[in-house]
Every structure is written in C-alpha cells, then in structure tokens.
Amino acid sequence: MMISDLQTDIEALQGNTALWNETNFEKRIEALDDLEFIIDRIEALLQLDSPPVELFPLKQCAQTIKSQLEAINVALFARLRAAIRSGRCQGVALLDLIKTYAGSGLISSQPTNSVVGYSNLDVFTNSFFFLEILPTATLKREPEMVFYQKTPTQIILELVAKANLTNQDVFYDLGSGLGHVCVLVNLLTGTTAKGIEIEPAYCSYATICASDLNLSNVVFICEDARIANYSDGTVFFLYTPFVGQILQEVLNKLQVISWDRPIRLFSYGPCTAYIAQQSWLTSTGQVNDYLYELGEFRSRPTN
Ligand SMILES: C[S@@+](CC[C@H](N)C(=O)[O-])C[C@H]1O[C@@H](n2cnc3c(N)ncnc32)[C@H](O)[C@@H]1O
C-alpha cells in the first residue's frame, strides 16, 4: 500500500460524517477496523530505515479519528447501561434498540456446521458488561467439561423469540460462563434467569456485571451442574457445557425434574445431537444436520 493510498483512506474516513452519527454503530465498527489496519500499516512502514516523514502526521491523524470514534461508542454504551440500570431500556424497547444499532447480522446469518462467527450484535451486547477485562479460569477442567465460549447473541435472540418466556418461568443456563445468556434473557423478557457455572472467576464476573445493571432477578450460582439444585427451573439452556457421562448425569437430573412438571430445553452446539437421543424428550424444532443451530425440546408427559 502506497503512502498516497493510506492518505486517501484516512481522508475518506475523516470526511465520512455519517460515522459521527451515533446510530451508525456498524459502520463505525468497520471504520475502526479499517483504522487499526491503516495504523498497523503505517507502523510497519515506520520501521524502515529513514521512513518518509509524512508518515508521522498521517499516523497522528488516523489515531485522532480512531479515538474520536471510540469516544462515541464509549458514551453510547455508558448511556445505554444507565438506561438499563434505571429500568428504562428493557424488553421490546431494548430489542428494537439492539436491532437498530447492530441488526444486520440477524439477516445474513444462516445455520452452519462450523462454529458460528460472531457479529456486530455481539460487540453491541458485550457492551452491557462493564468489566472489560475478561477473567482467567482458575480451575482445572475435567476432560468432559467444555471450555468457555460465548453463545452468539443472534442465537440468544432466537432463543428469546422461540421460548415465549413468562414471569411464571424460571430460566437456567447450565454452564453459564460470563453470564451473557442469563443477562440478555432477563433483560428482554423479565423472566428470572439463573446461571450454574463451575468456574468461580466466571461466576463472579457475571455476578458483578448483572448487579451493575441492577438485575435483581438474575442469579449466578458457582457449582458443578451435577450437584447444583435447579429443581425450580422450567426452561433450560445448554451451550454444550460438558459431554459424555457428565452430560448424561445432568440430563438424568433434568428428567427427574420433568416427573414433577413439564420442562423445556434449548441447546446449542454438539450436545444437541446427544440430547435428541433422550427418550424422555421430544424435539419441538426441526431436527436437521446443522451442528450450530438452536435445538428445542420438551419433556414428554409422564403417566
Ligand atoms: C461453551 S461455554 C457456554 C457459556 C455460556 N452458556 C454462554 O453461552 O455464554 C460452557 C461453560 O460451561 C462451564 N462448565 C463446564 N463444566 C461444568 C459443570 N460441570 N458445571 C457447571 N458449569 C460447567 C464452563 O466453565 C463454561 O463456562
């Protein structure tokens, strides 16, 4: 890339006033990616022996635009968190806002067999969590326990749309990680949401973020899902938190709950195929071959 190309790109970003419009979040994310690439490129050129002097003001200019655009997002997220905290931005209002700012991923994404890519929806909803530094796991996982990976926001929105949760429900995310699923489910539906997570560092991150948002009906319990008590649950979600014997033990616990009253299960990732084989469950969604598609099950009536 020539210096003149870099200059043209920077000027184009500088002159694009739409980026300064707060609702153009997705365009701003793209622009910030471009700026990062441009700055990296300039820095590489600055490593050359006797680099061209015009690179210094170019780098300065790119960094200034980047800081200005980042500041718009920081202010937007702070205001959004304050609105959530005060209860002014929840339910349908929040869903509309998420779609307005970051909804393009909802249209383009298709079920897939490879791990779903994250979209701007994730960048947007991650901002509800004010702790930016992600915790490091402290426990050694057993081989059947799966490492942390966040459910894509698109899938959480699909879950919310399909589950028709009411305030009679108690929603559980088994293996709740950093708490994104419970927080979003509660914000969008008002339903009590509880997470069971074995890793204390994840659980305390989730608890701090939920309490920052004033979410009194979101609870994270630091326990092994094989031991924890979730007998008050009506709707359960599992993003393949464990496999093999552990998954079967947890499914057995859920089956026992279903002897008392019907329960529903949603799943994501490789565990769906295993869950689909449980004779006490019936699939309410379309079962097809996509690994990374939301699975939907309900317990069969017991006599
Ligand atoms: C694939 S991640 C899903 C995280 C979360 N549900 C989300 O979508 O953002 C699986 C999580 O399950 C947790 N986990 C693994 N084994 C567990 C167990 N036996 N009991 C509770 N949590 C467990 C892991 O620590 C990890 O955070």
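For clarity, every value in this text was computed on a predicted model and none was experimentally measured. (Residues numbered from 1 in each chain as written. Predicted model: local features only at pLDDT ≥ 70, side-chain atom pairs only at ≥ 80, totals over all residues. Heavy atoms only, no water.)

> Would you take a moment to explain the overall build of the chain for this structure?
Secondary structure assignment for the chain yields eleven helices and seven strands. Expressed as lengths along the three principal axes of its C-alpha atoms, the size of the chain is roughly 80 × 40 × 35 Å. The buried share among the 303 residues of the chain stands at 47%. Contacts in the chain between residues far apart in sequence, at least 24 positions, make up 74% of those at least 6 positions apart. (Helix = DSSP H or I, 4+ residues; strand = E, 2+ residues; numbered from the N terminus. Buried < 20%, exposed > 50% of the residue type's maximum accessible area, 1.4 Å probe, protein only. Contact = heavy atoms within 4.5 Å.)

> Which parts of the structure should I look at to understand the domain arrangement of the chain?
Put simply, an interface is often sized by how much accessible area is lost when its parts join up. Domain parsing of the chain yields domain 1 (3-88) and domain 2 (104-299). One C-alpha centre belongs to domain 1, the other to domain 2; they are set 35 Å apart. Tallying the contact residues gives nine residues for domain 1 and eleven residues for domain 2. Summed over both sides, the interface between domain 1 and domain 2 buries roughly 1,100 Å², with carbon and sulfur atoms accounting for 64% of that surface. Taken as a group, Arg81, Ile84 and Arg85 account for 48% of the area that domain 1 buries against domain 2, more than any other trio of residues on that side. (Domains from an automatic or database assignment. Buried area = accessible area lost by both parts, 1.4 Å probe.)

> Just to check I follow, could you spell out the side chain of Asn120 for this structure?
For Asn120, the position within the fold is in helix H6 (residues 120-126). Given the relative accessible area of 18%, Asn120 is considered buried. A distance of 2.9 Å separates polar atoms of two side chains, one belonging to Asn120 and the other to Glu26. What Asn120 contacts, discounting residues up to four positions off in sequence, is Phe25, Glu26, Ile29 and Ala102. (Polar contact = N/O pair within 3.5 Å; in protein donor to acceptor, adjacent residues only side chain to side chain.)

> How should the site of the ligand be read in this particular structure?
Around the ligand sit 23 residues, and of these Thr151, Asp173, Gly175, Glu197 and Ala225 come closest. Contact between the ligand and Asp224: a nitrogen atom at 3.0 Å from a side-chain N or O atom of the residue. In the model, a nitrogen atom of the ligand is placed 2.9 Å from a nitrogen or oxygen of the Ala225 main chain. In the complex, 99% of the free accessible area of the ligand, which totals 600 Å², lies under the protein chains. The residue makeup of the shell around the ligand, split by class, is twelve nonpolar, six polar and five charged. (Near = heavy atom within 4 Å. Areas by Shrake-Rupley, 256 points an atom, 1.4 Å probe, with all protein chains shown as cover. Nonpolar A, V, L, I, M, F, W, Y, C, P; charged D, E, K, R; others polar.)

> Explain the nonpolar core here, please?
The tendency in soluble globular proteins is for nonpolar side chains to be buried side by side. By size, the foremost hydrophobic cluster in this structure holds 50 residues, and its most contacted members are Leu94, Phe124, Phe128, Leu159, Phe171, Val183 and Phe237. Counting residues per element, this core draws most heavily on helix H8 (residues 180-189), which supplies seven residues. Here this core spans two domains, since at least three of its residues come from each of domain 1 (3-88) and domain 2 (104-299). When neighbours within four sequence positions are excluded, Phe237 is seen to be in contact with Thr151, Leu159, Phe171, Tyr172, Asp173, Leu174, Val181, Phe266, Ser267, Tyr268 and Leu294. (Core = buried A, V, L, I, M, F, W, Y, C linked by side-chain atoms within 4.5 Å.)

> Got a minute to help me understand the UniProt feature "domain: DOT1" (unreviewed entry) in the chain in this structure?
According to UniProt, the feature "domain: DOT1" (unreviewed entry) maps to residues 148-211 in the numbering used here. Between the end C-alpha atoms of residues 148-211 there is a gap of 21 Å, over a span that is 52% helix and 17% strand. (UniProt positions renumbered as here; feature names shortened; annotations may be inferred.)

> Sorry if this is basic, but what is going on with the sheet that holds strand S1 (residues 170-174) here?
The strands that make up a sheet pair up through hydrogen bonds in the backbone, lying either parallel or antiparallel. In space, the seven strands of this open sheet follow the order S3-S2-S1-S4-S5-S7-S6, with mixed pairing throughout. Where the open sheet ends on each side, the last strands, each with one partner, are strand S3 (218-222) and strand S6 (281-283). For this sheet, the mean angle separating the axes of adjacent strands, direction not counted, is 25°. Lying over the sheet, helix H9 (residues 200-212) contacts strand S2 (192-197) and S3, oriented at roughly 165° with respect to S3. (Pairing = 2+ DSSP bridges. Axes fitted to C-alpha atoms, helices over the stretch in contact; angles between N-to-C directions.)

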